[in-house]
Amino acid sequence: MTAEQITALLKTSGLPVVYGYWKKPPPLPYIVWLESGTSNFFADGKVFLRKSRVQAELYTAEKDPEAEQALENALQGIGWEKTSENWLESEKFFQLIYEFEV
């Protein structure tokens with residue numbers, strides 16, 4: 001899956017989406033996604049199948065079950081995990097991290 005396809009998938013949530021960071025962030029909630037590594041399949045000492053690990057970060061002003069559900073609906077059909085939920089004191093908002101492979 002290309003970066004454009006991942007962005008398009010995440011945009012089906014109806015939330016603003018960007019890769020990496022916002023130069024000028026929109027109002028919360030929004031999604032920032034990053035490629036966090038690979039989870040490759042090897043055969044005969046070579047990479048047989050390349051899989052990228054993707055981290056989609058949902059930022060909200062407060063606990064927002066509707067935004068979470070919108071992102072989870074967008075990820076329907078691929079395996080995902082919600083790996084953490086953090087209050088970022090310096091930013092005064094929540095960060096929820098979802099991980100999946102493509």
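Residues numbered from 1 in each chain as written. Predicted model: local features only at pLDDT ≥ 70, side-chain atom pairs only at ≥ 80, totals over all residues. Heavy atoms only, no water.

Undergrad: Please give an account of the pairing of strand β2 (residues 30-38) that cites residues and values.
TA: On a regular strand, each side chain points to the face opposite its neighbour's, so the side chains alternate between the two faces of the sheet. When strand β1 (residues 17-19) meets β2, the two strands line up parallel, connected through 3 bridges. Paired with V18 across the strands is V32, a residue of β2. Examined bridge by bridge, β2 and strand β5 (residues 52-60) share 8 bridges and lie antiparallel to one another. Within β5, the position partnered with E35 by the bridge is V54. (Pairing = 2+ DSSP bridges. Helix = DSSP H or I, 4+ residues; strand = E, 2+ residues; numbered from the N terminus.)

Undergrad: Residues and numbers for the packing of aromatic side chains, please.
TA: Enumeration according to the criterion identifies 7 aromatic pairs in this entry. Ring centres of Y59 and F93 lie 5.3 Å apart, and the angle between their planes is 75°; on these two criteria the pair is classed as edge-to-face. You can see Y59 sitting in strand β5 and its partner F93 sitting in strand β7 (residues 93-101), a full 34 residues away along the chain. F93 carries the same exposure label as Y59, and that label is buried. Taken together through their ring pairs, the aromatic side chains of W22, Y30, Y59 and F93 make up a single cluster. (Phe/Tyr/Trp six-rings, centres within 6.5 Å; stacked < 30°, edge-to-face > 60°. Buried < 20%, exposed > 50% of the residue type's maximum accessible area, 1.4 Å probe, protein only.)

Undergrad: So, the nonpolar core: which residues are in play, and what are the values?
TA: One finds L10 and I31 to be the most contacted residues of the largest nonpolar core, which totals 17 residues. Every element with two or more residues in this core is listed here: α1 (3-11), β2, β5, α2 (65-74) and β7. Aside from chain neighbours lying at most four places away, what touches I31 is L10, S13, L15, P16, V17, V18, W22, A56, E57, L58 and L71. By size, the runner-up hydrophobic cluster in this structure holds 5 residues, among which are V18, Y30, V32 and F93. (Core = buried A, V, L, I, M, F, W, Y, C linked by side-chain atoms within 4.5 Å. Contact = heavy atoms within 4.5 Å.)

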